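Below are the chains, spelled out letter by letter.
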Amino acid sequence: MNALMNNVQLLKVKNIHNSILSFLNIVGDKSQDTKKAYEKDIINFFSVMRGKNLNELTVDDLTYDRDDIIRYRTYLKDLKKPVGSAKYKASSINRFIKSVSSMLKDLEQNGYGEYINLSAFNFDKLSEGDSKRAGTLSEGEFKQFESIALQLENGVMKSILFGLAGRTSFRISALLSLTWADLTPIAHGAYKGEGWNIRTIDKGNKEDIKPIMNVFYEKMIAMKNDEQYNIALERWRDNERKNAQKENRPVREDVIFPISSTAVDNAVKRVCKMIGIDEDRKISIHSFKGFGINKVVDAGGTSFQAQDQANHSSIKTTEKHYLSRRKEYSMYAGMLIDEEIDINILNNLNKMELLKIINDMDKGIQRQIVNKAKQYKLV
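Predicted, not measured: the structure shown is a model, and the values here were computed from it.

Enquirer: Teacher, can you tell me more about the pairing of strand S2 (residues 195–202) here?
Expert: For a regular strand, the rule is simple: side chains alternate between the two faces of the sheet. Counted residue by residue, S2 has six buried out of eight residues, so it is predominantly covered. Relative to S2, strand S1 (residues 183–185) runs antiparallel, the two being bridged by three bridges. Paired with Thr184 across the bridge in S2 is Asn197. As paired strands, S2 and strand S3 (residues 206–213) are joined by eight bridges and run antiparallel to one another. The residue bridging Thr200 from the neighbouring strand is Asp208, located in S3.

Enquirer: Would you take a moment to explain the pattern of salt bridges for this structure?
Expert: Any two side chains of opposite charge can pair, on the condition that their charged atoms come close. Considering all chains together, one arrives at 13 salt bridges under this definition. Its salt-bridge partner being Arg167, residue Glu146 comes within 2.8 Å of it at the nearest N-O pair. Here Glu146, found in helix H6 (residues 139–148), pairs with Arg167, found in helix H7 (residues 155–168); they are 21 residues apart in sequence, far enough to count as distant. Residue Glu146 is classed as buried on the basis of its relative accessible area of 14%. Residues Lys210 and Asp208 are paired through a salt bridge, measuring 3.2 Å at the closest nitrogen-oxygen approach. Through salt bridges that share partners, Arg50, Lys52 and Asp61 make up one connected network.

Enquirer: Explain the sheet that holds S2 to me, please; I cannot follow it from the model alone.
Expert: Two orientations exist for strands paired in a sheet by backbone hydrogen bonds: parallel and antiparallel. The strand order across the open sheet formed by three strands is S1-S2-S3, and the pairing between neighbours is antiparallel. Each edge of the open sheet is held by one strand with a lone partner, namely S1 and S3. Each adjacent strand pair in this sheet contributes to an overall mean axis angle of 30°, direction not counted.

Enquirer: What exactly am I supposed to notice about a nonpolar patch on the surface here?
Expert: Taken together, the side chains of Ile341, Ile343, Ile345, Leu346, Leu354, Ile357, Met361, Ile365 and Ile369 define a hydrophobic patch exposed on the protein surface, amounting to about 780 Å² of accessible area. If you list the elements that add at least two residues to the nonpolar patch, you get helix H16 (351–359) and helix H17 (363–375). Topologically, Ile365 is positioned in helix H17. Ile365 gets classed as partly exposed once you look at its relative accessible area, which sits at 38%.

Enquirer: Would you explain H6 in this entry?
Expert: Think of an α-helix as 3.6 residues a turn; residues three or four steps apart then line up on the same face. Here H6 has its buried residues at Glu141, Phe142, Phe145, Glu146 and Ile148. The inward-facing, buried residues of H6 abut H7, helix H9 (214–222), helix H11 (261–275) and helix H12 (286–298).

Enquirer: Would you explain helix H2 (residues 16–30) in this entry?
Expert: Here H2 spans 22 Å end to end across 15 residues, near enough to the 21 Å set by a 1.5 Å rise per residue. Capping the start of H2 is the job of one residue whose side-chain oxygen sits 3.1 Å from the backbone nitrogen of His17: Asn15.

Enquirer: Where do I start with the packing of aromatic side chains in this structure?
Expert: Any two aromatic rings considered together are summarised by their centre-to-centre distance and by the angle between their planes. This structure, assessed with the given rule, holds 12 aromatic pairs. A ring pair is formed by Tyr88 and Phe96, whose centres lie 4.9 Å apart and whose planes are at 85°; its orientation type is edge-to-face.

Enquirer: What exactly am I supposed to notice about the confidence of the model for the chain here?
Expert: Do not read the predicted coordinates in detail wherever pLDDT is low. Per-residue pLDDT for the chain averages 85, and the proportion of residues at 70 or more is 89%. Looking across the chain, the model is least confident in helix H1 (residues 2–12), with a mean pLDDT of 46, and most confident in H7, with 96. Residue range residues 4–13 is modelled with pLDDT below 50. Its contacts to residues more than four positions away, or to other chains, number two contacts.

Enquirer: Would you explain unusual backbone geometry in this entry?
Expert: The bulk of non-glycine residues show a negative phi, and the bulk of peptide bonds are trans. Here Asn154, not a glycine, exhibits a phi torsion of approximately 55°, which is positive. Checked against the element boundaries, Asn154 lands in the loop between H6 and H7. In this structure, Asn311 takes a positive phi of about 60° despite not being glycine. Within the secondary structure, Asn311 is located in the loop between helix H13 (303–310) and helix H14 (315–323). Take Asn311: its relative accessible area is 10%, and that puts it in the buried class.

Enquirer: Even after reading the chapter, I still don't get the side chain of Asp41, so can you show me in this structure?
Expert: Residue position: Asp41 is located in helix H3 (residues 32–50). Among all residues touching Asp41, those that are not within four sequence positions of it are Tyr72, Arg95, Phe96, Ser99 and Val100.

Enquirer: Sorry if this is basic, but what is going on with the packing of H6 against H7 here?
Expert: Between two packed helices, what matters for the description is the angle formed by their axes and the separation of those axes. In the contact formed by H6 and H7, the axes pass within 7 Å of each other and the chain directions differ by 155°. Relative to H7, the element H6 is oriented roughly antiparallel. Pair H6 / H7 crosses with left-handed handedness. Contacts between H6 and H7 pair Phe142, Phe145 and Glu146 from the former with Ser159, Phe162, Gly163, Gly166 and Arg167 from the latter. Residue composition of the contact of H6 with H7, grouped by class: three nonpolar, three polar and two charged.

Enquirer: Is there a simple way to think about the nonpolar core in this case?
Expert: Soluble globular proteins tend to pack their nonpolar side chains together in the buried interior. Core analysis: the biggest nonpolar cluster contains 44 residues, and Phe145, Phe162, Leu164, Met220, Phe257 and Phe288 have the highest contact counts within it. For this core, the elements supplying multiple residues, two or more each, are H6, H7, helix H8 (172–177), S2, H9, helix H10 (227–247), H11 and H12. If we skip the residues at most four places from it in the chain, Phe145 touches Leu137, Phe162, Val268, Val271, Cys272, Ile275, Ile277, Ile283 and Phe288. In this structure, Leu62, Tyr72, Ile93 and Ile116 belong to the second largest nonpolar core, which totals 31 residues.

Enquirer: Would you mind going over the side chain of Asp61 with me for this structure?
Expert: Along the polypeptide, Asp61 turns up in the loop between H3 and helix H4 (66–78). A distance of 2.9 Å separates a polar atom in the side chain of Asp61 from a polar atom in the side chain of Lys52.

Conventions we followed
Residues numbered from 1 in each chain as written. Predicted model: local features only at pLDDT ≥ 70, side-chain atom pairs only at ≥ 80, totals over all residues. Heavy atoms only, no water. Buried < 20%, exposed > 50% of the residue type's maximum accessible area, 1.4 Å probe, protein only. Helix = DSSP H or I, 4+ residues; strand = E, 2+ residues; numbered from the N terminus. Pairing = 2+ DSSP bridges. Salt bridge = Lys/Arg side-chain N within 4 Å of Asp/Glu carboxyl O. Axes fitted to C-alpha atoms, helices over the stretch in contact; angles between N-to-C directions. Patch = residues over 30% accessible without salt bridge, like charges linked within 9 Å, V, L, I, M, F, W, Y side chains within 5 Å. Areas by Shrake-Rupley, 256 points an atom, 1.4 Å probe, with all protein chains shown as cover. Contact = heavy atoms within 4.5 Å. Expected span 1.5 Å × (residues − 1). Polar contact = N/O pair within 3.5 Å; in protein donor to acceptor, adjacent residues only side chain to side chain. Phe/Tyr/Trp six-rings, centres within 6.5 Å; stacked < 30°, edge-to-face > 60°. pLDDT = per-residue confidence, 0-100. Parallel < 35°, antiparallel > 145°, perpendicular 65-115°, else oblique. Left-handed = near helix turned anticlockwise from the far one by under 90°. Nonpolar A, V, L, I, M, F, W, Y, C, P; charged D, E, K, R; others polar. Core = buried A, V, L, I, M, F, W, Y, C linked by side-chain atoms within 4.5 Å.

Below you can see the structure in the form of structure tokens.
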């Protein structure tokens, strides 16, 4: 009884360290990878700016003005690798600053408002023009990734992970935080009963829901019968229980992909080597996000549909990184209005030849042909 009372008393103790841990636990409920990144960023910030560990902080260590934060950012910008190049990219530094501002915003709402000045973060982010874009995958290469991955250790899971990454355009952190409870059958519309919605919380704590067809869902379910998958799952659950106990948080045992982001990166590199993709193309797991977006564009999707696939808050981001990759002249009014298409060359083709052509077309065009056939009651 006394031990229980002591534990209750400990839970009631409010200090900065405990409040930061609470913030990190909230972040961890959505993504363990994001939690680890935030924790590292916050520890580094207080180490540099105050020379303290988290358990040594006092309320005076929460007060910063704009010059302090700019000074910290400049310090990060000036850090160099042994070879002399910048240690951190602009995108990484922006993330470090965001981690700290998010933590202080949470503390402000948790009773520390009189010590915190959030206006210290009111300045423009560093331009991320120095960040390298992930390379793009063709449809044939995407399919190769799905098939060749089966040859890797725990290949069934890695094949499904690559396939889902391309179909949903989820980022790796979101993919690795997915649980089976995040899948629900499509209950309305034309695809009712034919597919499943997958819900996740992606970058910026933004909800993202993407559909998959039953045929791919059945592959995911079949993965549960794979021996290597179950071994990896049990190993992951053992580690998860230990970490949850250490961090005083609920256990997450229902994950779909029991694998680390590092292991995923290594799997991408291995498959690239196996199918002969040169390192200069910079193919990464983020390339699968781009593949899904480009698939929508190539099928005739609008800019807004591409933005929805990307889950970008601003269409400018989609246009900058994906829609500007090439000019599709056939979709400009100047071409559409005056171009003459000679369909007479199709007259000499037989049914099998026409079907072969249709089978090689994008799904969007195939759908239009099928819908027209239904409209004219030809099928």
